[in-house]
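As a plain string of letters, each chain reads:
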Amino acid sequence: MPLARQRLLAWLRRRPEARAWSLVGPGVLFLVVFFLLPLLIMAAYSVMSRGEYGGVERGLTLESYRRFFVPIYLTILGRTFGVSLVCTAICLVLGYPVAYAIARSGRWKNPLLFLVVLPFWTSFLVRTFAMIFLLRDTGLVNTWLLRLGVIREPLTMLYTPFSVMVGLVYGYLPFMILPIYASLEKLDGSLLEAAEVLGARPAARFRQVTLPLSLPGVVAGSLLVFIPALGSFLTTDLLGGAKEMMIGNLVQNQFAAARNWPFGSAASFILMVLVLAAVLVYLRIRDRRPMAAA
Amino acid sequence: MTGLDRREFVRRAAALGLSLPAATALLAACRPVRHDPALDDPGRALGPLERELAIYIWSDYVAPDTIPDFEKEFGVAVTMDFYDSNEEMLAKLQAGARGYDIVVPSTYIVEVLVATGLALPLHRQYLTNWGNLSPIFLDHAFDPGNRYTMPWMWGVTGIAYRRDRIPDPPASWEIFLDPRYRGKMTQADDERDVIGAWLRYRGHSLNATDPAQLEAAKRDAIHAKQNLKAYISAPVKGQLITGDVWAAQIWNGDAEQARMEQPQVGFVLPQEGSTIWLDSLVMARGARHPRAAHEFMNYVLRPPVAAAVSTATGYGTPNREALGLIEHPVQYPSGEELARLEYQRDLGRDTATWDQLWTEIKAS
Amino acid sequence: MGRSLPRWLVALVAAVYAFLHLPILVLVAFSFNASKFSVEWTGFSLEWYRRLLERDDILRGLRASLVVGLLATVIATLLGTLLALGLARHRFRGRRALEALLYVPIVTPEIVAGISLLIFYVLIGLPLGLATITIAHVAFCISFVVVVVLARLEGMDESLEEAALILGADEITTFWRVTVPQLWPGILSAALLAFTMSFDDFVITSLVAGPGSSTLPLVVYSMVRRNIEPSINAISTLILLVTTLLIYLADRYGRQRARS
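Residues numbered from 1 in each chain as written. Chains lettered and ligands numbered in written order. Predicted model: local features only at pLDDT ≥ 70, side-chain atom pairs only at ≥ 80, totals over all residues. Heavy atoms only, no water.

### A look at the overall build of chain B
The following threshold applies: Strands are runs of DSSP state E lasting at least 2 residues, helices are runs of H or I lasting at least 4, and numbering of each runs from the N terminus. Accessibility here uses a 1.4 Å probe with only protein chains present; expressed as a share of the type maximum, an area under 20% marks a residue as buried, one over 50% as exposed, and anything in between as partly exposed. Residue contacts are defined here by distance: any two heavy atoms, one from each residue, within 4.5 Å place the two residues in contact. Positive charge is attributed to Lys and Arg, negative charge to Asp and Glu, and no charge count is given to His or to the chain ends. Where a charge lies is defined by one atom per residue type, namely NZ (Lys), CZ (Arg), CG (Asp) and CD (Glu).
Tallying secondary structure elements over chain B gives 14 helices and eleven strands in all. Projected onto its principal axes, the C-alpha positions of chain B cover 90 × 55 × 40 Å. In chain B, which comprises 364 residues, the share counted as buried stands at 60%. A separation of at least 24 residues holds for 75% of the contacts in chain B among residues at least 6 apart in sequence. Each charge sign in chain B was given a centre, from 37 positive and 47 negative side chains, and these centres are 5 Å apart.

What follows is the structure, encoded as structure tokens:
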């Protein structure tokens, strides 16, 4: 065994590129086979004609893509981007302090971290119905506000943009907290102490020590909230009363009631291309900046 | 490259390509579900009773002892998997999923299944209890002669309402246009149900494809949307019970469930007419246990079994022999009611038009 | 490091935790509710816990979810961590393209991912079952794992590893003894995220599950049309209890080991 290990190491040392690819290889292979290849099938579908009963039939056409560029669908896309942006901002404001607090909690770190994800090991639907119970006109929040005399009439909280945002923020908060925690956790107490000793006030300490260190986590968290939020549809249906359409609902409908797979695929690919273009731009900017000194 | 390098290289390549041999092994091991052409001929005899049965069905659509009793009597192990919408089941089958013996589609989905070859004809010679079914639910346009479908449960869509909040029973779809109840009403989150209701309101068929009729229905639907609290389907039951919702477009079975918990809930079939729906048992393409499937279908045609299912689910049974065995049976629609009830049919290419309309309604 | 956190921060954090757990308290409360509709409190009852024992479908669903969840989490975390290391530490051709490509699974709507995978499985003749679900879960989790681990890796000090190498440790020892422990909070966060996504996934799972392989979310979602029986609340409560217990025990065990 040690002999094989030596040989493996010797071979790896001789080929730096092999080292990279041996790390990256298995994951990439898995993704290529079980995600990208299937996606290519959908890409093919997006340029085919809609079958009479669903599915696709022969005949290449760009009709599905052309069909998307009308005000109604573009508005849906735009609104979805807006909603996701707001959700990401709120998650950042709420999630950063939590991640920071957990990172600074010493021996309570792990339990606190688990407590963040624990609610999500229950069923999404039951959680959402619990939120409905809290927010509806005769629900818990209204009942208590009325009883305490804070309000005279029940507040309409459910089936509004407010309840949709509550649901979205709730669902994506861990996606913001966990990456920020991961990058903040290496925050060394001694660094902060040193800064304090050298005369920096709390705000400056935060700005110049903590924040730069957590930036990778902030970016990661923002991407992991913003991007999947674009595709969400259940929250709009359940907490928004299905009165609006986000792009996720549109795509879902195409594969369900509308039985228009090409259009559903086309809409998805338009969304994907937009997002990937933005990600590429971000990566280019990031790589051009010099690495922040540790 | 020395010999040593090559061996290491091969080993590394083999390690990286672990998924490939595994996939090959899996492929070799798996049995592709081949379609048995004998199943296409309803006259041919089926083989002996198999030991397993796979059912793909709506949740809570059988009585608690239906399956266990069947398993005991016939020695068949049954697996039940659930879907929550026709379209989900259809999409899955159309994408190629096989292995389910029985699926339970609604009317218009049956047409799609048959047209795309996903439904197999019934071998009626094994369904000896067929005569228990009421002719009201047989031989409809979506499956003439019941070549493929065995009626399972039926229901109607109507308006459930709170008697203590809305003193006059809402006799018409018009109630959703009434600003007095603004914010207290819901329509189903289903394009067929919503657009269909507004088509009926103007006296048209709920399977209409005429652009002018559809435009009018769309306008009415958008007008009503201002008064709606939300689009919710069956789960609105809870809010009818608590009084958050005063009028809801839902199925009679769900209204009945709400009424059992809250006696003030009433149900009305609008005078302009509405949907009558029928869910059927269908044998799916790729069924591996056709004999067991038929024995199950015949088993649930027995009046006591059908009665138990109807009592447990709250929906109507098309089995007229079972009616006498149910305490509070869902009565069959009268001739007068049947005249204003319509089955939903598949819309073919016009599905795209309806979907466009629905998107416009939702985006308004 | 004994600095305590400012009061306003603690209050805000407590509020966020309360926000996260309030629906859970409601969920737990309704598991003891007499009515089968979870809309109003009508009385105390243990009926739904008793009913759980009869609901084979729920119990089987739970087992499927756990098997798939654990398997998928382990595989996704492993592959994803290695991927992140390769991306962060090495410059190679196609690196930026690869990193961008990683966002494809994150942006793909679930229904598209699910249907495409189903078609793919049918094409290669793979029978649907727990294996196909696991593969699908790994496929959409890897990217999330990579992003989280990368966040940890970026700016992580390489000097410790360099020191180890200079002191004579080989790459593999350095990896296990220096890199992984440093990376651990990132790996743990990524694994928690992956498991959470897998355990609660519905859309993709419903499309790639085969006969007899329904996971817990599939059982629950199918109930929406009828009524979500509080037995689901009961099993969710039990899951919470067991998990909390495990966390507590793990915490105790960890601290005991640290002491010895």
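### Some points on the interface of chain A and chain C
This is how it is decided: By definition, the buried area sums, over both parts, the 1.4 Å-probe accessible area that each loses when the two are put together. The working definition used for a salt bridge is a side-chain nitrogen of Lys or Arg within 4 Å of a carboxyl oxygen of Asp or Glu. Think of a polar contact as two N or O atoms within 3.5 Å of one another; within protein, one of them needs to be a possible hydrogen donor and the other a possible acceptor, and neighboring residues in sequence only count if both atoms come from side chains.
In this complex, chain A contributes 99 residues to the contact, which on the side of chain C involves 94 residues. Summing both partners gives a buried area of about 9500 Å² for chain A against chain C, and 78% of it is carried by carbon and sulfur. In this assembly, chain A and chain C are joined by two salt bridges. Note that E185 of chain A and R152 of chain C form a salt bridge whose closest N and O atoms lie 3.1 Å from each other. Run the count over chain A and chain C and you get nine residue pairs in polar contact (both at pLDDT 80 or more). When residues in the side of chain A that touches chain C are grouped by element, the largest group, 22 residues, is from helix 2 (residues 16–46) of chain A.

### Details of the packing of helix 6 (residues 124–135) of chain A against helix 7 (residues 140–147) of chain A
Residues and elements named next belong to chain A. Keep this limit in mind: Axis definition: a line fit to C-alpha positions, over the contact stretch in the case of helices; interaxial angles, taken between N-to-C directions, run 0 to 180 degrees. Here the word oblique covers every angle except those under 35 degrees (roughly parallel), over 145 (roughly antiparallel) and from 65 to 115 (roughly perpendicular).
Contact geometry of helix 6 with helix 7 gives a least axis separation of 4 Å together with a crossing angle of 25°. It follows that helix 6 is roughly parallel to helix 7 by the angle criterion. Seen from helix 6, the contacting residues are F133, L134 and L135; seen from helix 7, they are L140, V141 and N142.

### Some thoughts on the confidence of the model for chain B
For clarity, the threshold we go by: Known as pLDDT, the predictor's per-residue confidence is scaled from 0 to 100.
With 91% of its residues at a pLDDT of 70 or more, chain B shows a mean pLDDT of 89. Listed scores for the predicted complex are pTM 0.90 and ipTM 0.90.

### Let's talk about the interface of chain A and chain B
Chain A puts 43 residues into the contact, and the matching count from chain B is 46 residues. In terms of surface lost to chain B, no three residues of chain A exceed Y53, K243 and R259 of chain A, which account for 17% of the buried area on that side. Counting every contact that joins chain A to chain B gives five salt bridges. The closest approach of N and O atoms between D137 of chain A and K184 of chain B, which form a salt bridge, is 3.7 Å. One can count 15 residue pairs in polar contact (both at pLDDT 80 or more) joining chain A with chain B. Looking at the side of chain A that touches chain B, the elements that each hand over two or more residues are helix 1 (2–14), helix 2, helix 4 (71–103), helix 6 and helix 12 (247–255) of chain A.

### So, the environment of Q252 of chain A
Tracing the chain through its elements places Q252 of chain A in helix 12. Classification of Q252 of chain A by relative accessible area gives buried; the value is 18%. Excluding its chain neighbours within four sequence positions, the residues that come into contact with Q252 of chain A are F233 of chain A together with I111 of chain C.

### Some points on the pattern of salt bridges
Residues and elements named next belong to chain C. According to the stated counting rule, one finds 32 salt bridges over all chains in the structure shown. Across the pair D57 and R55 runs a salt bridge, and its minimum N-O distance is 2.8 Å. Here D57 matches R55 in class, with each residue buried. Salt bridges sharing partners connect three or more residues here, namely E47, R50, R51, E54, R55, D57 and E229.

### Let's talk about a nonpolar patch on the surface
What counts here: Patch membership requires over 30% relative accessible area and the absence of a salt bridge. Like charges are linked within 9 Å, and nonpolar side chains (Val, Leu, Ile, Met, Phe, Trp, Tyr) within 5 Å. Computed with a 1.4 Å probe, the accessible areas rest on the Shrake-Rupley method; for each residue, only the protein chains presented here act as cover.
Taken together, the side chains of L140, W144, L148 and V150 of chain A present a nonpolar region at the surface, about 400 Å² in accessible area. Relative to the helices and strands, V150 of chain A is located in the loop between helix 7 and helix 8 (161–184).

### Structural notes on the packing of aromatic side chains
Here is the rule we go by: Stacked, tilted and edge-to-face pairs are distinguished by plane angle, under 30 degrees for stacked and over 60 for edge-to-face with tilted covering the rest, among Phe, Tyr and Trp rings (Trp via its six-membered ring) whose centres lie within 6.5 Å. Any Lys NZ or Arg CZ found within 6 Å of a ring centre and within 35 degrees of that ring's normal is scored as a charge over the ring.
In the structure shown here, the tally under the stated rule is 41 aromatic pairs over all chains. Relative to F195 of chain C, the ring of W121 of chain A has its centre 5.1 Å away and its plane inclined at 85°; by these criteria the two rings are edge-to-face. Of this pair, W121 of chain A sits in the loop between helix 5 (109–117) and helix 6 while F195 of chain C sits in helix 9 (residues 171–199), on two different chains. F195 of chain C shares its class with W121 of chain A; the two are buried. The side chain of R107 of chain A reaches across the aromatic face of W108 of chain A, ending 4.1 Å from its centre. When the ring centre of W130 of chain B is taken as origin, the NZ or CZ atom of R124 of chain B, which lies over that ring, is 3.9 Å away.

### Topic: the pairing of strand 5 (residues 149–162) of chain B
Residues and elements named next belong to chain B. Using the following cut-off: One requirement defines pairing of two strands: DSSP has to find at least two bridges between them.
Taking burial as the measure, the 14 residues of strand 5 include 14 buried ones, the bulk of the element. For strand 5 and strand 10 (residues 274–284), the ladder comprises seven bridges, and the chain directions are antiparallel. Pairing of V156 across the sheet is with I276, part of strand 10. When strand 5 meets strand 8 (residues 247–251), the two strands line up antiparallel, connected through five bridges. Looking at the pairing, Y161 lines up with A247 of strand 8. In this structure, strand 5 lies alongside strand 9 (residues 265–268), joined through four bridges in antiparallel fashion. Paired with R162 across the bridge in strand 9 is V265.

### With respect to the nonpolar core
Across soluble globular proteins, nonpolar side chains have a tendency to be buried as a group. For clarity, the cut-off: Residues belong to a common nonpolar core when they are buried Ala, Val, Leu, Ile, Met, Phe, Trp, Tyr or Cys residues joined through side-chain atoms within 4.5 Å.
Core analysis: the largest hydrophobic core is formed by 193 residues, its most contacted members being F68 and I227 of chain A together with L83, I115, Y121 and I142 of chain C. Sorting elements by how many residues they give to this core places helix 7 (residues 130–153) of chain C first, with 17 residues. Formed by 57 residues, the second largest nonpolar core is a distinct cluster that contains A63, I67, I102 and V103 of chain B.

### Regarding unusual backbone geometry
All names here are of chain A. Phi at Y159 takes a positive value of approximately 60°, unusual for a residue other than glycine. Summarising the element assignment, Y159 is placed in the loop between helix 7 and helix 8. Phi is positive for R259, which is not a glycine, with a value near 50°. Inspection of the secondary structure assignment puts R259 in the loop between helix 12 and helix 13 (261–288). The exposure class of R259 is buried, given its relative accessible area of 3%.

### Section: the domain arrangement of chain B
For interface size, the figure often reported is the accessible area lost on association. Residues and elements named next belong to chain B. Stated precisely, the cut-off is as follows: What marks off one domain from the next here is an automatic or database domain assignment.
Parsing chain B into structural domains produces domain 1 (1–32), domain 2 (34–154 + 278–331) and domain 3 (156–276 + 346–363). Computed from C-alpha atoms alone, the centre-to-centre distance between domain 2 and domain 3 is 29 Å. Contact residues are listed per partner, giving ten residues for domain 2 and nine residues for domain 3. When residues of domain 2 are sorted by the area they lose upon contact with domain 3, Y108, W154 and Y315 head the list and together hold 55% of the total. Across the contact surface, domain 2 and domain 3 share zero salt bridges. The interface formed by domain 2 and domain 3 includes two residue pairs in polar contact (both at pLDDT 80 or more). Sort the elements by how many residues they give to the side of domain 2 that touches domain 3 and helix 5 (residues 107–115) lands first, with three residues.

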